[in-house]
Amino acid sequence: MTSTDHTDVGEQHLEVRLRVNGMPRRVELPVRRTLCDALRQDLGLTGTHVGCEHGVCGACTVLLDGEPVRSCLMLAVSAEDHDVTTVEGLTEPDGRLSPTQQAFVDCHGLQCGFCTPGFLTTVSAFIEENPDPTPEEAREAVGGNLCRCTGYQNIVASVLRAAEIQKERATESTEGSDA
Amino acid sequence: MKTPKFTYHAPRTVAEALDVLAEHSTDAKVLAGGQSLVPVMAMRLASPAHLVDINRLTDELSALEVDDAGVRIGALVRHARLERDEAAAARVPLVGQALRHVAHPTIRNRGTTVGSLAHADPSAEMPTVLALLGGHVVARSVRGERTIDAADFFVGPMESCLGYDELAVSAWFPAPEGRFGTAFDEICRRHGDYAMCGAGVVAVLDEAEQYVSLKLSLVSVNDVPEVLDLTEVVRGTAYDEVDHAALGDWVRDRIDPPGDLHASADFRRHLASVLTKRLTREAAARAITTTEGARA
Ligand SMILES: Cc1cc2nc3c(=O)[nH]c(=O)nc-3n(C[C@H](O)[C@H](O)[C@H](O)COP(=O)(O)OP(=O)(O)OC[C@H]3O[C@@H](n4cnc5c(N)ncnc54)[C@H](O)[C@@H]3O)c2cc1C
Ligand code: FES
Ligand code: FES
């Protein structure tokens, strides 16, 4: 992290090293820039959506070292040297949709899609931690994310389906390697 | 919504952080998990000229130690880590019982428990827990280190007694002594919201299942966490002979909660009485089912 003098704009800027979706990125930004704004404005990753900007809605949720965090409550400079995963980084290496993404398609887990990036990141981390959730646990897992149009029934169904797809793909790949 | 401008400091050692805090004192604020400070700044309710980001001080501030006497956590222990720690849950179950009610899991991944104490929100769970257990906070500055008892730490709503140049480096949650049981619950409009009213209880019973002590503390009722001691009301009475509903009335008649947008004062009094009735019974039942050395 190197400091640059930007007396013309009267504001401290820093050059920050970030790892976003596996790619090392260097970006110079004002220190007060939040991680969500840095992702969207500086890195062009507009998949991360910004709703309330104070931690309540969950739309901006990204994975920091694999754990869901609110990117609107984190300064980009604090994310230095951490791994950030956004919705753009969820697809499988072969380009297939991830289990969570596929499940939201299958179960009509989105309508306008505004809240969806936050749900996808949150649920992806959740099914890693709890590969076999009960309906009650699935509901609890998305308790911190707001959706104003799809309705939560389909979203909870998507969480359960995501866990199923994850298991199906795990068996496929072990069968594949046996063959 | 953007935070006002500030100068950012990313110290690599606690000593460096303390130097920056001493130099800028009233103009500086510590940035821990940012789960309260960032929104407060974005809403322009605070505009510190200097932010001291302690997140890189993992070597010095990440310890989570559990021994027979209780649980000590460094300033960088996030709510989520403390909540999941099995040794801490076994020794001081009240901590985990309360943490489950702090915001949502995603907020707990980032927010620190010590930061929550420093923030001193009357609607926050962990200040109440610290007060109820009689814990303390350890604060350090270039002037030295001091240990501050919970009873002295909270001085007003959103106000702790930390000096501008002080960093809270750790907090201590002692385990109750004897055959104890604890319980925590709260009532919110929506799951994960700040509570309209919450309560924690510590009950200690003797071998004859009679009360040795009974203490309770409420969330969203007082400006600073206060411990209500119900021991005199129940001492020497067997657990199953206590009228728990009457304990609820006892508490209701001794509190003076604020009324606001979220709940009227009368509604809060009612909630406090309901929670007291439920939780005193629950805590005592846990004291009975657990034996020394194998608490749950
Ligand atoms: C949507 C949402 C819901 C929430 N719901 C709840 C809830 O139900 N209950 C609840 O208790 N909390 C809730 N919180 C707040 C959360 O618990 C915060 O994590 C906590 O209050 C502050 O911890 P932090 O590490 O994020 O501190 P920060 O936000 O970084 O700091 C908060 C304040 O404490 C000071 N501070 C922090 N650490 C130290 C230190 N080590 N030494 C000195 N000063 C320090 C800072 O300078 C600042 O003034 C919620 C937050 C959000 C965004
Ligand atoms: S935009 Fe971050 S939680 Fe709403
Ligand atoms: S899909 Fe429209 S807000 Fe959730």
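Here's a quick rundown of the structure. (Residues numbered from 1 in each chain as written. Chains lettered and ligands numbered in written order. Predicted model: local features only at pLDDT ≥ 70, side-chain atom pairs only at ≥ 80, totals over all residues. Heavy atoms only, no water.)

## A closer look at the packing of helix α2 (residues 99–106) of chain A against helix α3 (residues 116–129) of chain A
All names here are of chain A. Operational definition: As a rule, the C-alpha atoms of each element are fitted with a line to give its axis, helices using only the stretch in contact, and angles between N-to-C directions run from 0 to 180 degrees. Only DSSP runs of H or I covering at least 4 residues are called helices, and only runs of E covering at least 2 are called strands; the numbering of each starts at the N terminus. For classification purposes, angles smaller than 35 degrees are called roughly parallel, those larger than 145 roughly antiparallel, those between 65 and 115 roughly perpendicular, and all remaining angles oblique. Here a crossing is taken to be left-handed if its near helix is turned anticlockwise relative to the far helix by less than a right angle, and right-handed if that turn runs clockwise. Every residue pair with non-hydrogen atoms within 4.5 Å of one another is taken to be in contact. Gly counts as polar in this scheme, as do all residues outside two lists: the nonpolar Ala, Val, Leu, Ile, Met, Phe, Trp, Tyr, Cys and Pro, and the charged Asp, Glu, Lys and Arg.
Where α2 contacts α3, the two axes come as close as 9 Å, and the packing angle between them is 125°. For the element pair α2 / α3, the angle class is oblique. Viewed along their axes, α2 and α3 form a crossing whose handedness is right-handed. The segment α2 lies against α3, with Pro-99, Thr-100, Gln-101 and Phe-104 engaging Thr-116, Phe-119, Leu-120, Val-123, Ser-124 and Ile-127. For the contact of α2 with α3, the per-class residue count stands at six nonpolar, four polar and no charged.

## Some thoughts on the sheet that holds strand β6 (residues 136–141) of chain B
Residue and element names in this part refer to chain B. Worth spelling out the cut-off: Here, any two strands with at least 2 DSSP bridges between them count as paired.
Taken together, five strands build an open sheet; the order of strands is β4-β5-β10-β6-β7 and the sheet is antiparallel. Pairing within the sheet leaves two strands with one partner each, and these edge strands are β4 (64–67) and β7 (144–149). The sheet shows a mean angle of 15° between the axes of neighbouring strands, direction not considered. With six bridges joining them, β6 and β7 adopt antiparallel strand pairing. Of the residues in β7, the one forming a bridge with Ser-141 is Gly-144. Strands β6 and β10 (167–174) of the sheet are contacted by helix α9 (residues 125–133), whose axis makes an angle of about 55° with β10.

## Things to note about the interface of chain B and chain A
Selection rule: Defined here as a combined quantity, buried area equals the accessible surface (1.4 Å probe) lost by two parts on assembly, summed across both. Whenever a carboxyl oxygen of Asp or Glu lies within 4 Å of a side-chain nitrogen of Lys or Arg, that contact is scored as a salt bridge. Any N or O atom pair separated by 3.5 Å or less is treated as a polar contact, with the protein-specific requirement of one donor-capable and one acceptor-capable atom, and with residues adjacent in sequence counted only for side-chain atom pairs.
Facing the 27 residues of chain B at the interface are 30 residues of chain A. Summed over both partners, the interface of chain B with chain A buries about 2,400 Å², with 53% contributed by carbon and sulfur atoms. Ranking the residues of chain B by area buried against chain A places Lys-5, Tyr-8 and Thr-106 of chain B at the top, with a combined share of 23%. Linking chain B with chain A are five salt bridges, by the criterion used here. In this structure, the salt-bridge partner of Lys-2 of chain B is Asp-37 of chain A, at a minimum N-O distance of 2.9 Å. In this assembly, chain B and chain A are joined by seven residue pairs in polar contact (both at pLDDT 80 or more). Contributing elements (two or more residues each) for the side of chain B that touches chain A: β1 (7–9), α2 (37–42), β3 (50–53) and α7 (105–108) of chain B.

## With respect to unusual backbone geometry
Phi is positive for Asn-21 of chain A, close to 50°, though the residue is something other than glycine. Tracing the backbone through its elements, the reader meets Asn-21 of chain A in the loop between β2 (13–20) and β3 (23–30). At Ser-220 of chain B, a position not held by glycine, the phi torsion is positive, near 65°. Relative to the helices and strands, Ser-220 of chain B is located in the loop between β13 (211–219) and β14 (227–229).

## Overview of the packing of aromatic side chains
Residue and element names in this part refer to chain A. Counted only if it meets this: Stacked, edge-to-face and tilted labels apply to pairs of Phe, Tyr and Trp rings (six-membered ring for Trp) whose centres lie within 6.5 Å, assigned for plane angles under 30 degrees, over 60, and everything in between, in that order. The buried label goes to any residue with under 20% of its type's maximum accessible area, the exposed label to any with over 50%, and the partly exposed label to all in between, with areas taken from a 1.4 Å probe on protein chains only.
Across all of its chains, the model carries two aromatic pairs over all chains by this definition. Ring centres 6.5 Å apart and planes at 50° place the aromatic pair Phe-104 and Phe-119 in the tilted group. Of the two residues, Phe-104 sits in helix α2 while Phe-119 sits in helix α3, which places them 15 residues apart along the sequence. On the basis of relative accessibility, which here comes to 2%, the residue Phe-104 falls in the buried class.

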